[in-house]
Amino acid sequence: MVSKSYSNLLELASGEAPSFGYMNRRIPRIMTVAGLISDVDDDPVESVCSDPSSSTAHRDRIIMVANQLPIRAQRRPNGNNRSCWSFEWDENALLQLKDGLGDDDIEVIYVGCLKEEVHPSEQDEVSQTLLETFKCIPTFLPADQFTKYYHGFCKQQLWPLFHYMLPLSPELGGRFNRSLWQAYVSVNKIFADRIMEVINPEDDYVWIHDYHLMVLPTFLRKRFNRVKLGFFLHSPFPSSEIYKTLPVREEILRALLNSDLIGFHTFDYARHFLSCCSRMLGLTYESKRGYIGIEYYGRTVSIKILPVGIHLGQLQSVLRMPQTEEKVCELIRQFSDKGRTLLLGVDDMDIFKGISLKLLAMEQLLIQHPEYREKVVLVQIANPARGRGKDVKEVQAETKATVKRINETFGKPGYDPVILIEEPLKFYERVAYYVVAECCLVTAVRDGMNLIPYEYIISRQGNETLDKVLGLASSPKKKSMLVVSEFIGCSPSLSGAIRVNPWNIDAVADAMDSALEMADLEKELRHEKHYRYVSTHDVGYWARSFLQDLERTCSDHVRRRWWGIGFGLSFRVVALDPNFKKLSMEHIISAYKRTATRAILLDYDGTLMPQSSTIDKSPSSKSIEILSSLCRDKNNMVFLVSARSRKMLSEWFCPCENLGVAAEHGYFLRMKRDEEWETHVAATDTSWKQIAEPVMKLYTETTDGSTIEDKETALVWCYEDADPDFGSCQAKDFSIILKVCLQMNQ
């Protein structure tokens, strides 16, 4: 369904067409239930009919959207002053999911950028080749725009902030730059345009990945209100105290909420996101039958918590490669045959991977345990950094200096306690190191997921050929040891690992010692537990689980009515029940004129007056004038219903002579200004106030921002201005204590 944006709901309620641009077209009619067309309009040109059984019973296509395509591209000269391109699947790409979904009926289309820059004259040909051969839709970006978008906003601002780095100075994280943000939004719009070229909005599912494309959901939702849209964040999501420093915090939150399902690796990341929605947008969430959902303008945005897995089949095939066996034999000769135990670290060379902290822990281990000298070697594989800048150079320099110092202090001829590998390794070479290593150390100070421990566990499980090479043919039991940081996404799923605070050098050194000294039986039990989890929760399981939840979340799209409201990144859709009918101004005016007696009931807070944080809650002169005008008509009976006290309402609406007032939720009634207040229930015993008031005062003193409203028939504890989480927690506790106190005095 094509979106029709509205500036506000008043225009929607009026039944009048808005006065801007293409919005003068009428809302397309939609199918609400099978065989029944809604009466929103009668425009046959834009009508869209959908049969629920055909649109939600199966998934025909999944459009997978990420910053990069899972494609390797290579340019080769062809001798005619031109270049030809060759392409192949990038087997290391996480999102190369076709084999992992396990369903030949599912068509996967990929949208993203290529790692190589393609000249504009070659883009059409490259696009055609990728579409026909790989079902990939490349997104081409000008070099300067890509630099601002990726190396600028993504890597200098979003990526550090999401890893808990505050931009306290221009050198630390980078200050917010409006031009970089505009480039980020523009690139997301380009991605949306590419998706528009291939999407069938009634049937296709769109799955967007990671922080590079966080505002893309808004562009898609604005174009197709009922698009089936999922988003998965592969990085951490910071706490609200960190996230709220971002100047465009609300724009990004609202864009993410235009998704139907939002996925996170861990509960911590999801909890931080929910807290941001609560504190910055005033949204609440609840759990129903195990699913967490946020109510957002009539839609339920589901939250998915599931860590990603590895390509199990691919890794097992690499383990069977002859090159892997040869490399394992080489490493055995280099380490095991010399009586040396291999500890392994595999990390990107960036500031959050904690390489230098790991090296300091290794140094501490050798200081505290001289018996490990010449017997234990730490091999640190340093992959190239994905970003660039001064911080990367500083990490490289510090790492090299630390390695040099340790080797000079504890090294001997033919023995270096730390081996730093900076040149790129082929995947089978890295797997060979996994196979030989007795312990894998992953001590990042902050990381979204980190699949290195999963790869290590599967590699240590090995196969029969590698078992013979390692001399394990007589022992079917495998063993492995993991030392992992508490601050990485895979940590909660690895309960058998030794979890450490990477900032505590002594604790990491002790963990390394424990891993080396642990009994083989204990290592076998831990490995078995980890292998059982990792082998059953691979990337295919993760993808299938996410898509099943996405299908469940979108199952009622076809029977709902949708209207778009707002402009720019504030756009959102309102989802309404099929039986909802627009309030027609013409119908109201006609009925008003025809009737001889009219009862008009009005609420105060949130109706006559907006729910605002202003101190003055009294009605405006304009409101008094309108009410007085309505009351002067003898055919009208106007009643104001409010929770406020009769004293306050009497003062505020004194000019309205014929206004009826129901105070304190209708306990006190007055038909006109000069009549006496009356009640329609027996006199209420308010002795309970003596019990409740001291308790309420206690909670008011201990909850900053809360207040007490003392009314004739009620005591109200208001905590709307308190911290949302603390206020809600205090309210629940207060309710329990108050019930106990009242029961004890009965």
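Rules of the game
- Counting starts from 1 at the beginning of each chain's written sequence and moves along it residue by residue.
- The predicted nature of this model means local features are confined to residues of pLDDT at least 70 and side-chain atom pairs, given and counted, to a pLDDT of 80 or more, with totals for whole chains, interfaces and linings taken over all residues.
- Only heavy atoms go into the side-chain values, all of them from the structure, while hydrogens and water stay out.
- Here a helix means four or more residues in a row that DSSP labels H or I, a strand means two or more in a row labelled E, and each is numbered from the N terminus.
- Relative accessible area decides the class of each residue, using a 1.4 Å probe on protein chains only: under 20% of the type maximum gives buried, over 50% gives exposed, and in between gives partly exposed.
- Any two residues having at least one pair of non-hydrogen atoms within 4.5 Å are treated as being in contact.
- Under the convention used here, a 1.4 Å probe and the Shrake-Rupley method define accessible areas, while residue burial counts only the protein chains that appear.
- By definition here, a salt bridge exists when the distance from a side-chain nitrogen of Lys or Arg to a carboxyl oxygen of Asp or Glu is within 4 Å.
- Take the number of residues in a helix, subtract one, and multiply by 1.5 Å to get its expected span.
- When we speak of the arc, we mean the arc of directions from the helix axis to the C-beta atoms.

Draft legend 1. The arrangement of the overall build of the chain in detail. Each helix and strand counted, the chain has 25 helices and 28 strands in total. The buried share among the 746 residues of the chain stands at 51%. Partitioning the intrachain contacts of the chain with sequence separation of at least 6 by distance along the chain shows that 68% fall at a separation of at least 24. Summed over its atoms, the accessible surface of the chain is roughly 35700 Å², and 51% of this surface lies on carbon and sulfur atoms.

Draft legend 2. Up close: the pattern of salt bridges. For the structure shown, the criterion picks out 39 salt bridges. R221 serves as the salt-bridge partner of D260, at 3.0 Å between the closest nitrogen and oxygen. Within this pair, whereas D260 is found in the loop between helix 9 (249-256) and strand 11 (261-264), its partner R221 is found in helix 7 (residues 216-223), the two being separated by 39 residues in sequence. Residue R221 is classed as buried on the basis of its relative accessible area, which comes to 0%. A salt bridge links D605 to R644; its shortest N-O distance comes to 3.0 Å. Here R644 lies in the loop between strand 24 (636-641) and helix 23 (646-652) and D605 lies in the loop between strand 23 (598-603) and helix 22 (621-632), a separation of 39 residues in the sequence. Connected through shared salt-bridge partners, R72, E88, D90 and K115 make up one network.

Draft legend 3. The arrangement of helix 22 in detail. When the terminal C-alpha atoms of helix 22 are compared, their 17 Å separation across 12 residues agrees well with the 16 Å that a helix rising 1.5 Å per residue should span. Along helix 22, the residues classified as buried are S623, I624, L627, S628 and C631. Around the axis of helix 22, the buried residues are gathered within 130 degrees of arc, so they sit on the same side. Of the exposed residues in helix 22, the ones pointing more than 90 degrees away from its buried face are K622, E625 and R632. Buried positions along helix 22 lie against strand 23, strand 24 and helix 23.

Draft legend 4. Quick peek at helix 14 (residues 390-410). Taking 1.5 Å as the rise per residue, helix 14 with 21 residues should run 30 Å; its terminal C-alpha atoms sit 30 Å apart, in good agreement. Every buried residue belonging to helix 14 is among V392, V395, T399, T402, V403, I406, N407 and F410, and all of these are buried. Viewed end-on, helix 14 has its buried residues packed into an arc of 125 degrees, placing them on one side of the element. The exposed residues of helix 14 that point more than 90 degrees off its buried face are K390, K393, K404, E408 and T409. Buried residues along helix 14 sit against helix 13 (355-368) and strand 17 (418-421).

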